[in-house]
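In case you want the letters, here they are:
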Amino acid sequence: MATTGNKNINAKLVLLGDVGAGKSSLVLRFVKGQFIEFQESTIGAAFFSQTLAVNDATVKFEIWDTAGQERYHSLAPMYYRGAAAAIIVYDITNQASFERAKKWVQELQAQGNPNMVMALAGNKADLPDARKVAAEEAQAYAQENGLFFMETSAKTAANVNDVFYEIAKRLPRVQPAQNPSGMVLMDRPAERVASASCCS
Amino acid sequence: MPEDEDQQQHVAAQRESSPQPPPLPRRPTTIEEEDGLRPPLTPSGSVRNFKGSPRPPLQSKATTAVSQVDVLGLSQDASPSNNQRSRSHSRQPSGRLQSRAGSDDDTASVRSVQTLAPGQSGDIESLLDDVVGAAATETDEGVEERDDAASLDTSPLQNIRDDLDESFSSEFEPVGSFEPDGSNGELLNRQWRAKLKHYLILSSAGKPIYSRHGDDQLISGTIGVVQTIISFYQGAQDTLRGFTAGDARFVILSKGHLHLLAISRLGESEAQLRAQLEALYMQILSTLTLPTMEKMFINRPSTDLRRPLQGTESLISSLADGFTRGSPATLLSALECLRIRKAHRQVIHSTLLKCRSPQLLYGLVVADGRLAAVVRPKKHSLHPGDLHLIFNMLFEADSVRAGGGENWIPLCLPGFNNTGYLYMYVSFIDPETGSPREDIEQPLDGRKRDNEIAVLLISANREAFDEMREMRDKVVDQLQANGSLAHIRRAIANGRSSCTSILNTNKADTKGADTPAPIAHFLYKSRANVQFVMPSAGPLFSSTVSWRRLISLYARLQGALHGKTTHLKVVHVVTGGASALAWTTPTFEVYVVAGPRAGKHVLAKAAMGVVQWARREEERLFVVGGAVF
């Protein structure tokens, strides 16, 4: 949950999306200003913090970069519960990753924090020739579901900081009283064993 | 001794051009080719002054608990007269050896016992066939020791499998993909077959799961053949464990619904390859847990396991490549620790205990890829195989380190419990400032950034990230405050000690303490601690090929010590390029490697020196017990 203190806002942010969509690359670009062509798959989840100054406040993002593999799905609630913001990432050259993104949106709408700021990021915008997902389609979907949408490129840095900046601006300035640590106990067991078997 | 000096020289010459790893039988054709080639001896001339004299007795009080040690002298030979290795078994049953040059009080009591009959079957036999030759190849002493030291200026192993250079340098090159028209199939197949080492994993239904080399299209035929052969034997209720074809050894590990296959032309023994396959299997379990995987296959026998394993191929490959490059940790099933003063380690341990979160199961401080300290519950120690998986994930594969953040990783440690997950907090810290590492360098330039310190905190509670993070902060703050980070930093900077400095610390034990060490490298494993120590690789073993040669020699010694049918206590091997000795007791294993002219007594003395050093420094070299709560 985003919390304010003298216009300092702590906001937990989670990145969700299919394998290879570019979640880690977006974070790496935003946090370190770097890009690695052959980014290895994330194992589990990685945690970063990064501060961003917007007009009226300083936002300290606590970013969870999750792994996209199915086997980690049951752990996802741990990361999005209590999150003030989420970036759902897909790869514009991969239709399946867009469908996966929609699934994430549904899950967040059903189970996430209702005040969550959600962004839809169509990554790999530097590969227009291989595009499989039209920007209009994604834009329309985002509008219907109350997300804001941007096409990004971690490689060229296009729109990357903009997504985080936009989120920072949209974060609610007044906080509902809620657990500030962001780590919320789960209300269902969600055993990995159970979920892993469904992908077989 | 049937072989004269001339013949010995020929042996050395053959070694030089021999494309085969020492312990495996040669292909006759290759040897015919070699027979034409008899290059002169290299400067480090592997053979000289061999005499057929029986070994002089060597006797003194052992300084260890073990009073009697069996010795089997092995050395290597090949006969030019036929296409087979000549086998001259001249072992001296219960002959006593004495080092003339050795002092009276520092050498092991060594008794030579013939432990193997010449025709004995089993793993050892093939090794003996190769290596048993002139057992009594004692050289003239006096000149000899000086020569030993001198010969180490050149590579002591340079005669072992010289073609390794060529084939090994392309070992890790990827095999390409098929052209759309399939025109390059033959080329790809040739590339694939040229690899010295293969690992294939398939399901019992014949679905490919993993191959180190080649894509699906390339390996599909091979997978089919492998599947057919394995199921043929399974149908006959006679599980196939392995076979040898030419110079390639095939080892199959069948585990539940998985078949793991290793194909090696590096001369590793069946048991060694099996241990490697076990490690790959553990890596798969570490991702999925055993019950999950079993359930998948029970629900659907044709499950494609690559999907649930997606993203871990790089972990499997980095494990596999570690084995191919040569990993003493896997060979010895032991862990390497950071050498640090006992008192300094105690401070780290007490810091870990003081800051311990109630959610903590295991806590580790790892520096330079080596264990510096561990905190663990009283009931549980850490399985070396599990630690190897963790170290591989953190220090060999780039996945975690490249990210540069803090990590929260669910993983199963199969040695601890193969049915469930633990959660590992990983944070790399800057040894200079103690702060979490902010700036990541390009991690993909192939260079390892070994100077990092990692704090690993493992919990059984998946929600414990914040607690672990808090503990990390406390631990790092205190380690910084009490100077431990500086100690670790210094230990990293010092690196591993050289053989010379190690053996020269035994001033009382060595004659001429200023001379270079008579040995080039060693491994010492403390069985009680399941840890090992080795010296710096030095310039001799800095290249991947020379390192592989060294590991092949160690693998051969280890294979002889831990044969399927026999357990030897002492093994001495002379190859064209090196002389080596392995010695095992209930408390330790020690392996020493020297130049080819080093006599047994020199090796035995050096081995004793290593043992004495390791015992004296035990609590610096090893994490003894760790911090226990």
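Note that the coordinates shown come from a computational prediction; the quantities given were computed from them, not determined experimentally.

Scoring rules and cut-offs
- Residues numbered from 1 in each chain as written.
- Chains lettered and ligands numbered in written order.
- Predicted model: local features only at pLDDT ≥ 70, side-chain atom pairs only at ≥ 80, totals over all residues.
- Heavy atoms only, no water.
- Helix = DSSP H or I, 4+ residues; strand = E, 2+ residues; numbered from the N terminus.
- Buried < 20%, exposed > 50% of the residue type's maximum accessible area, 1.4 Å probe, protein only.
- Contact = heavy atoms within 4.5 Å.
- Areas by Shrake-Rupley, 256 points an atom, 1.4 Å probe, with all protein chains shown as cover.
- Pairing = 2+ DSSP bridges.
- Axes fitted to C-alpha atoms, helices over the stretch in contact; angles between N-to-C directions.
- Domains from an automatic or database assignment.
- Buried area = accessible area lost by both parts, 1.4 Å probe.
- Salt bridge = Lys/Arg side-chain N within 4 Å of Asp/Glu carboxyl O.
- Polar contact = N/O pair within 3.5 Å; in protein donor to acceptor, adjacent residues only side chain to side chain.
- Left-handed = near helix turned anticlockwise from the far one by under 90°.
- Nonpolar A, V, L, I, M, F, W, Y, C, P; charged D, E, K, R; others polar.
- Core = buried A, V, L, I, M, F, W, Y, C linked by side-chain atoms within 4.5 Å.
- UniProt positions renumbered as here; feature names shortened; annotations may be inferred.
- Arc of directions from axis to C-beta.
- Expected span 1.5 Å × (residues − 1).

**Description of the overall build of chain A**
- Tallying secondary structure elements over chain A gives six helices and seven strands in all.
- Taken across its 200 residues, chain A has 57% of its residues classed as buried.
- Within chain A, residue pairs in contact and separated by at least 24 positions form 74% of the contacts whose partners lie at least 6 positions apart.
- When the accessible surface of chain A is split by element, carbon and sulfur atoms take 49% of a total near 8,000 Å².

**Some details on the overall build of chain B**
- Counting its regular elements, chain B contains 20 helices and 19 strands.
- Across the 629 residues that make up chain B, the buried fraction comes to 60%.
- Considering only intrachain contacts with a sequence separation of at least 6, the fraction spanning at least 24 residues in chain B is 70%.
- Of the accessible surface of chain B, which amounts to about 23,500 Å², a share of 50% is contributed by carbon and sulfur atoms.

**Thoughts on the sheet that holds strand β3 (residues 197-203) of chain B**
Residue and element names in this part refer to chain B.
- Strand order in the open sheet made by the five strands is β4-β3-β7-β6-β5, with antiparallel pairing throughout. The strands lining the two open edges of the sheet, one partner per strand, are β4 (208-211) and β5 (242-245). The average undirected angle you get between the axes of adjacent strands in this sheet is 15°.
- Here three bridges tie β3 to β4, and the two strands are oriented antiparallel to one another. Looking at the pairing, Ile201 lines up with Tyr210 of β4.

**Observations regarding the domain arrangement of chain B**
Residue and element names in this part refer to chain B.
- According to the domain assignment, chain B consists of domain 1 (64-90 + 99-164 + 498-629), domain 2 (186-327) and domain 3 (340-495).
- Around 950 Å² of area is buried between domain 1 and domain 2 when both sides are counted, 41% of it from carbon and sulfur atoms.
- The interface formed by domain 1 and domain 2 holds zero salt bridges in total.
- Across the domain 1-domain 2 interface, the total number found is five residue pairs in polar contact (both at pLDDT 80 or more).

**Comments concerning the packing of helix α6 (residues 185-194) of chain B against helix α7 (residues 216-235) of chain B**
All names here are of chain B.
- The interhelical angle for the contact between α6 and α7, taken along N-to-C directions, is 65°, at an axis separation of 10 Å. Between α6 and α7 the crossing geometry is right-handed. Contacts from Leu188, Asn189 and Trp192 of α6 reach α7 at Leu218, Ile219 and Thr222.
- Classifying every residue of the contact of α6 with α7 by side-chain character gives four nonpolar, two polar and no charged.

**Looking at the nonpolar core**
- Membership of the largest hydrophobic core comes to 93 residues, with the highest contact counts inside it found for Leu120 of chain A together with Leu364, Leu394 and Trp408 of chain B.
- If we skip the residues at most four places from it in the chain, Leu120 of chain A touches Ile88, Tyr90, Phe98, Ala101, Ala138, Tyr141, Ala142, Leu147, Phe148, Phe149 and Met150 of chain A.
- In terms of nonpolar packing, the next biggest core, distinct from the first, is built from 33 residues, Ala11, Leu13, Phe148 and Leu171 of chain A among them.

**Structural notes on the UniProt feature "domain: FUZ/MON1/HPS1 first Longin" (unreviewed entry) in chain B**
- As recorded in UniProt, the feature "domain: FUZ/MON1/HPS1 first Longin" (unreviewed entry) lies at residues 197-319 of chain B.
- Secondary structure across residues 197-319 of chain B divides into 46% helix and 24% strand, with the first and last C-alpha atoms of the span separated by 13 Å.

**Regarding the pairing of strand β18 (residues 588-594) of chain B**
Residue and element names in this part refer to chain B.
- The buried fraction of β18 amounts to seven of the seven residues, a majority that puts the element mostly inside the structure.
- Taking every second residue as pointing to the same face, both faces of β18 are buried, with Phe588, Val590, Val592 and Ala594 on one and Glu589, Tyr591 and Val593 on the other.
- Across six bridges, strand β14 (residues 521-526) lies against β18 in antiparallel orientation. When the bridges of β18 are listed, His521 appears paired with Val593.
- The pairing of strand β17 (residues 579-584) with β18 spans six bridges and is antiparallel.

**Focus on α6 of chain B**
Residue and element names in this part refer to chain B.
- Those residues of α6 that fall on the buried side of the exposure criterion are Gly185, Leu188 and Trp192. The buried residues of α6 all sit within an arc of 65° when viewed along its axis, so they share a single face. Opposite the buried face of α6, at more than 90 degrees from it, the exposed residues are Glu186 and Arg193.
- The secondary structure elements touched by the buried residues of α6 are β3, β4 and α7.

**Some details on helix α10 (residues 313-325) of chain B**
Residue and element names in this part refer to chain B.
- Between its terminal C-alpha atoms α10 stretches 18 Å, which fits the 18 Å expected from 13 residues at 1.5 Å a residue.
- In terms of burial, α10 is largely enclosed, as eleven of its 13 residues are buried.
- Within α10, burial applies to Ser314, Leu315, Ile316, Ser317, Ser318, Leu319, Ala320, Asp321, Gly322, Phe323 and Thr324.
- Positive phi shows up at Gly326, right after α10, with a value of about 115°.

**As for the packing of helix α12 (residues 342-354) of chain B against helix α15 (residues 465-481) of chain B**
All names here are of chain B.
- Two elements in contact, α12 and α15, have axes separated by 9 Å at closest approach and are oriented at 145°. As for how α12 packs across α15, the hand of that crossing is right-handed. Taken together, the residues of α15 that come into contact with α12 (itself represented by Ile348, Thr351, Leu352 and Lys354) are Met471, Val475, Gln478 and Leu479.
- Here the contact of α12 with α15 is built from residues that sort into five nonpolar, two polar and one charged.

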